[in-house]
Amino acid sequence: MLTFRRALVAAAFFLTIFYLISSSSLNPPSTTTPAVPKADADVETAKHASTTAVTDKSPSGADAAQQNPQGQRPIQDMSRMTLYEKLAYQFPYDVESKFPAYIWQTWKWTPAHGEFNFRDQEATWTQQHPGFIHEVITDKVAVHLIRLLYASVPEVVEAYNALPLPVLKADFFRYLILLARGGIYSDIDTYAIRSAVEWIPDSVPKDAIGLVIGIEADPDRPDWKEWYSRRIQFCQWTIQSKPGHPVLREVVSRITNVTLAMKRNGTLRGVVDKNVIEFTGPALWTDVIFEYFNDQRYFDMTHSAGSIDWKNFTGMEVSKRVGDVVVLPITSFSPGVGQMGAKEYDDPMAFVKHDFEGTWKPESERHIGENK
């Protein structure tokens, strides 16, 4: 017969077992994460039609421990960190996360303003992406937004404020907002032809991709250096990324360090239009991407047939994948340009149409949402 004393002992026993089970499940696991094998340094075709399966690859090295964060990150002393390390700590990269449903654009007015003159273009992004948060950031709001997002990295805020040309701030802003929040950045004078859901081929797992870029220029002419800065030039008027991607981290770090160095030695005001492409524009963007493709921190180069360079991408007509990056052909973000192999707007690979509204305006009339 169950006496009161026995019932009391049994209750105490079960409560003890319950406490031990509960505490073991509540204790966070160790923050130490095993290293992820490095991605092979090669380029794979990733067709948007039915195709063979693509081998899964993930970044590794410096970002291996950030891909599967476990428990809470310990508070660290940032005073001894490099800028690159500060950005990695503040904006960790998780390749297995989803692409944030953000669309970022910039202009001197919002769509609610009577003088906003890109309604048709802006509307296509909302129409093609129902459920996305679509923000058109004004010049004044951009300053406060950067100050808020990068309050813990004040040198980035200082560099942004120090840039002497609006077009420099335009370039820097897109990298900054994507590093901190992820999503899609696209210039205000672009039309969304197809949803970003279609940008990554079905054959590629989305939890293995953290950056989607397109080719801007593939000039197969002997005098290409007179017209373009690089033999293959990657587009930065439209970019999709997950927060914290190493390419964005490196770009932000590099622009910040160079800007502050030029500010200290008094040469920053000497930057003119012709310097923009190399300083913050597609030349810098392209260089950092190629450096990433050949970086031994993220890719295993031991079995590589050689460095990944422009020859891996010239003339491509379908998507290619390098590690956690999907590279789209020139038709995707530059359809209808009538050169370099770009096809028309009705091509299945045509995703974004660019009007290049900012190319002809004098510097005094440009604002941060306009392309160079």
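Scope of this entry: the structure provided in the associated data block. Only a predicted model underlies this, so the values are computations on that prediction, with no experimental measurement involved.

Here we come to the packing of aromatic side chains. All chains considered together, the criterion is met by 17 aromatic pairs. With a centroid separation of 6.4 Å and an interplanar angle of 70°, the aromatic rings of Phe116 and Phe118 are classed as edge-to-face. On the basis of relative accessibility, which here comes to 3%, the residue Phe118 falls in the buried class. A ring pair is formed by Tyr292 and Phe293, whose centres lie 6.4 Å apart and whose planes are at 45°; its orientation type is tilted. Grouping residues by exposure puts Tyr292 and Phe293 together as buried. When the ring centre of Tyr160 is taken as reference, the NZ or CZ atom of Lys169 above it lies at 5.8 Å.

All right, on to the packing of helix 3 (residues 83-90) against helix 8 (residues 246-265) then. Relative to each other, helix 3 and helix 8 sit at 140°, their axes nearing to 9 Å. By the criterion of interaxial angle, the relationship of helix 3 to helix 8 is oblique. Pair helix 3 / helix 8 crosses with right-handed handedness. Of the residues in helix 8, those in contact with Leu83, Tyr84, Leu87 and Ala88 of helix 3 are Pro246, Arg249, Glu250, Val252, Ser253, Thr256 and Asn257. A breakdown of the residues in the contact of helix 3 with helix 8 according to their chemical character gives six nonpolar, three polar and two charged.

Here we take up the nonpolar core. Core analysis: the biggest nonpolar cluster contains 66 residues, and Tyr150, Phe172, Phe234, Trp285, Phe293 and Phe313 have the highest contact counts within it. It is helix 7 (residues 166-181) that contributes the most residues to this core, 10 residues altogether. Apart from residues no more than four positions distant in its own chain, Phe234 is found in contact with Ile213, Gly214, Ile215, Glu216, Pro282, Trp285, Thr286, Ile289, Phe290, Phe293, Phe313 and Val327.

In terms of residue burial, strand 7 (residues 211-217) counts as a mostly covered element, since seven of its seven residues are buried. With four bridges connecting them, strand 7 and strand 12 (residues 325-328) associate as parallel partners. Residue Ile213 lies in a different strand from strand 12, and its bridge partner there is Val327. When strand 7 meets strand 8 (residues 233-234), the two strands line up antiparallel, connected through two bridges. Looking at the pairing, Ile215 lines up with Phe234 of strand 8.

Before going further, it helps to examine the side chain of Ser241. Assignment of secondary structure puts Ser241 in strand 9 (residues 238-241). Not counting the four nearest positions on each side in its chain, Ser241 is found in contact with Phe99, Pro100, Leu178, Gly182, Gly183, Gly210, Leu211 and Leu248.

The phi torsion at Met340 lies on the positive side, around 60°, for a residue other than glycine. Position of Met340 relative to the elements: it lies in the loop between helix 11 (330-333) and strand 13 (352-354). Judged by its relative accessible area of 17%, Met340 falls in the buried class.

What follows concerns the pattern of salt bridges. A complete count under the given rule lists 15 salt bridges for this structure. Where Glu278 meets Arg230, a salt bridge forms, and the shortest distance between an N and an O atom there is 2.9 Å. Pair noted here: Glu278 is in helix 9 (residues 273-279) and Arg230 is in the loop between strand 7 and strand 8, with a separation of 48 residues, a long-range link. For Glu278, a relative accessible area of 42% puts it in the partly exposed group. Notably, a salt bridge pairs Lys311 with Asp309, separated by 2.8 Å at the nearest N-O pair. Connected via shared salt-bridge partners are Asp171, Arg174 and Asp187.

Definitions and limits used
- Residues numbered from 1 in each chain as written.
- Predicted model: local features only at pLDDT ≥ 70, side-chain atom pairs only at ≥ 80, totals over all residues.
- Heavy atoms only, no water.
- Phe/Tyr/Trp six-rings, centres within 6.5 Å; stacked < 30°, edge-to-face > 60°.
- Buried < 20%, exposed > 50% of the residue type's maximum accessible area, 1.4 Å probe, protein only.
- Lys NZ or Arg CZ within 6 Å of the ring centre and 35° of its normal.
- Axes fitted to C-alpha atoms, helices over the stretch in contact; angles between N-to-C directions.
- Helix = DSSP H or I, 4+ residues; strand = E, 2+ residues; numbered from the N terminus.
- Parallel < 35°, antiparallel > 145°, perpendicular 65-115°, else oblique.
- Left-handed = near helix turned anticlockwise from the far one by under 90°.
- Contact = heavy atoms within 4.5 Å.
- Nonpolar A, V, L, I, M, F, W, Y, C, P; charged D, E, K, R; others polar.
- Core = buried A, V, L, I, M, F, W, Y, C linked by side-chain atoms within 4.5 Å.
- Pairing = 2+ DSSP bridges.
- Salt bridge = Lys/Arg side-chain N within 4 Å of Asp/Glu carboxyl O.

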